[in-house]
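Structural overview
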Amino acid sequence: MRYPSTFFVQQNNTLSIISFTILLISCMVLKSRLCSSTAPSSFKALQVDGHFSFVQNEFAARDFGNQFHFLPSAVLHPKSVSDIATTIRHVWQIGPGSELTVAARGHGHSLQGQAQAPQGIVINMESLKGQEMQVHMGLFPYVDVSAGKLWIDILQECLKFGLAPKSWTDYLHLTVGGTLSNAGISGQAFRHGPQISNVNQLEVITGKGEVVICSEEQNADLFHGVLGGLGQFGIITRAQISLEPAPKMVKWIRVLYSDFDTFVKDQEHLISVENTFDYIEGLVIINKTGLIHNWRSSFNPQDPVKASRFVSDRRTLFCLELAKNFNPENAEKTDQERFGSIRESPELERLAAEEPSPKWEKLGRRSESPELERLAAEVPSPK
């Protein structure tokens with residue numbers, strides 16, 4: 001006769017456990033929501049040299065890929081490294097219950113929303129005002145620069161000293177911290193490695209808000225983790241970048257191909273030979289507007305005869321972009337070396353265009369164009 005009583009006790013215990021579990025989950029959800037709702041407002045009380053913006057932050061929900069659009073709760077516009085450290089330390093102190101994320105945004109050229117923080121905090125690195133750019137001469141010259149600086153600005157400053165960074169990206173209106181957080185692949189990578197292989201030292205803010213100096217000899221794990229780490233191991237705030245003497249002139253050559261196999265063989269050949277170009281980059285051109293009007297091919301509109309040799313409308317073409325550094329007094333020798341590097345191929349269908357120019361013109365040829373930036377941002381660009 002006691003069995004029914006035991007059954008009811010077990011049933012009541014089960015109901016109590018279920019009720020307690022539901023209550024616990026509800027409290028956790030409520031706490032999470034309270035943390036999420038109060039966290040952004042708590043940033044208003046933070047003492048920073050710059051400022052936070054809580055409205056009109058749509059720019060931080062866009063990037064070059066134009067595939068993801070996540071609006072942040074706030075954007076920090078820092079004026080000092082301590083602004084960033086204070087902000088990240090505050091997020092760390094709030095704890096994981098807030099589910100706040102932090103993302104550093106440079107010039108907005110990410111493709112997959114890497115620089116976006118859904119309902120989190122975006123740090124506008126271009127606002128960072130650290131020490132002035134400092135070029136150090138000597139046997140191993142380098143430039144000490146804020147991570148929010150654009151590579152085009154570094155180029156122009158270093159050229160005043162007859163120097164230039166060893167490795168570049170194809171487009172120079174990008175921030176130092178942005179490319180170093182990825183890799184920084186360029187036409188010089190076959191010789192000097194990517195940009196992350198030409199860094200002497202970094203200043204990094206860790207996930208706890210600590211400001212740490214790292215290099216090959218000091219905090220090496222953090223140094224190698226941050227370089228190419230997509231911002232997952234810390235935010236780069238300053239970098240020392242290796243420099244080399246900048247030649248006075250450059251021969252800039254573009255060679256167009258219609259055959260992919262020949263294009264690849266020529267590129268591999270040029271990279272492997274000893275006496276070759278200083279810059280070798282391959283790219284694909286989806287030609288919908290004609291070579292002369294295609295900004296990617298960079299053919300001179302004043303020379304339509306060469307461009308017209310290709311019946312190329314709506315064809316996929318392949319381009320080798322080559323550069324040979326030289327001094328004006330050695331121009332003839334440079335021409336001999338250049339033609340000796342390009343392998344002759346009777347079956348090759350190609351079109352070459354070339355021009356001599358100062359090195360800074362070649363590196364800065366794709367200048368910042370607000371209209372081009374706007375048009376490019378309107379079209380989704382899968383990685």
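For the structure, see preceding data.
For the structure given in this document, a descriptive report is provided here. None of the values given here were measured: they were computed from a predicted structure.

**Digging into the sheet that holds strand β2 (residues 74-77)**
Taken in spatial order, the four strands line up as β1-β2-β4-β3 in an open sheet, and their pairing is mixed. Since the sheet does not close on itself, it has two edges, and those belong to β1 (51-53) and β3 (102-105), each with one partner. Averaged over neighbouring strand pairs, the angle between their axes works out to 25° when direction is ignored. Here three bridges tie β2 to strand β4 (residues 121-124), and the two strands are oriented parallel to one another. Each residue of the ladder has a partner; that of L76, found in β4, is I123.

**Overview of the environment of V176**
Here V176 shows up in helix α4 (residues 176-180). Between the alpha carbons of V176 and H107 there is a distance of 9.8 Å; along the sequence they are 69 residues apart. For V176, the residues in contact, after removing those within four places along its chain, are V145, S146, A147, K149, W151, I154, A239 and I241.

**Comments concerning the pattern of salt bridges**
The final tally for this structure, using the stated rule, is three salt bridges. Ionic pairing is found between R238 and D144, a salt bridge with its closest N-O pair at 2.7 Å. Here D144 lies in strand β6 (residues 142-146) and R238 lies in strand β10 (residues 235-245), a separation of 94 residues in the sequence. For the residue pair R238 and D144, the accessibility class agrees, reading buried in each case. Its salt-bridge partner being K160, residue E157 comes within 3.2 Å of it at the nearest N-O pair. Judged by its relative accessible area of 23%, E157 is partly exposed.

**What about the environment of F223?**
Mapping F223 onto the fold places it in helix α6 (residues 220-226). For F223 and F233, which are ten residues apart along the polypeptide, the C-alpha to C-alpha distance reads 9.3 Å. Residue contacts for F223: discarding those within four places in its chain leaves V199, N200, Q201, L202, C214, S215 and E216.

**Points about the packing of aromatic side chains**
Applying the stated criterion across every chain, the model contains eight aromatic pairs. Centroid distance Y257 to F263: 5.7 Å. Interplanar angle 65°. Geometry classified as edge-to-face. Neither residue differs from the other here; Y257 and F263 are each classed as buried. These aromatic residues form a ring-pair network of at least three members: Y257, F260, F263 and F318. The side chain of R254 reaches across the aromatic face of W252, ending 4.4 Å from its centre.

**Concerning the nonpolar core**
If you look at the biggest cluster of nonpolar residues, it comprises 51 residues, and the most contacted ones within it are I84, V143, I154 and L202. Filtering out sequence-adjacent residues up to four positions away, I154 remains in contact with M133, V143, V145, P165, V176 and I241. Ranked by size, the runner-up nonpolar core spans ten residues in total, among them I253, F277, I280 and F318.

**Quick notes on helix α7 (residues 260-272)**
Here α7 is 13 residues long and its end C-alpha atoms lie 18 Å apart, about the 18 Å a rise of 1.5 Å per residue gives. Residues of α7 that are buried: T262, F263, D266, Q267 and L270. Looking down the long axis of α7, one finds its buried residues gathered within 130° of arc, a one-sided arrangement. The exposed residues of α7 that point more than 90 degrees off its buried face are K265, E268 and S272. A distance of 3.5 Å separates the backbone nitrogen of D261 from a side-chain oxygen at the start of α7, and that oxygen is part of D259.

About the criteria used
- Residues numbered from 1 in each chain as written.
- Predicted model: local features only at pLDDT ≥ 70, side-chain atom pairs only at ≥ 80, totals over all residues.
- Heavy atoms only, no water.
- Pairing = 2+ DSSP bridges.
- Helix = DSSP H or I, 4+ residues; strand = E, 2+ residues; numbered from the N terminus.
- Axes fitted to C-alpha atoms, helices over the stretch in contact; angles between N-to-C directions.
- Contact = heavy atoms within 4.5 Å.
- Salt bridge = Lys/Arg side-chain N within 4 Å of Asp/Glu carboxyl O.
- Buried < 20%, exposed > 50% of the residue type's maximum accessible area, 1.4 Å probe, protein only.
- Phe/Tyr/Trp six-rings, centres within 6.5 Å; stacked < 30°, edge-to-face > 60°.
- Lys NZ or Arg CZ within 6 Å of the ring centre and 35° of its normal.
- Core = buried A, V, L, I, M, F, W, Y, C linked by side-chain atoms within 4.5 Å.
- Expected span 1.5 Å × (residues − 1).
- Arc of directions from axis to C-beta.
- Polar contact = N/O pair within 3.5 Å; in protein donor to acceptor, adjacent residues only side chain to side chain.

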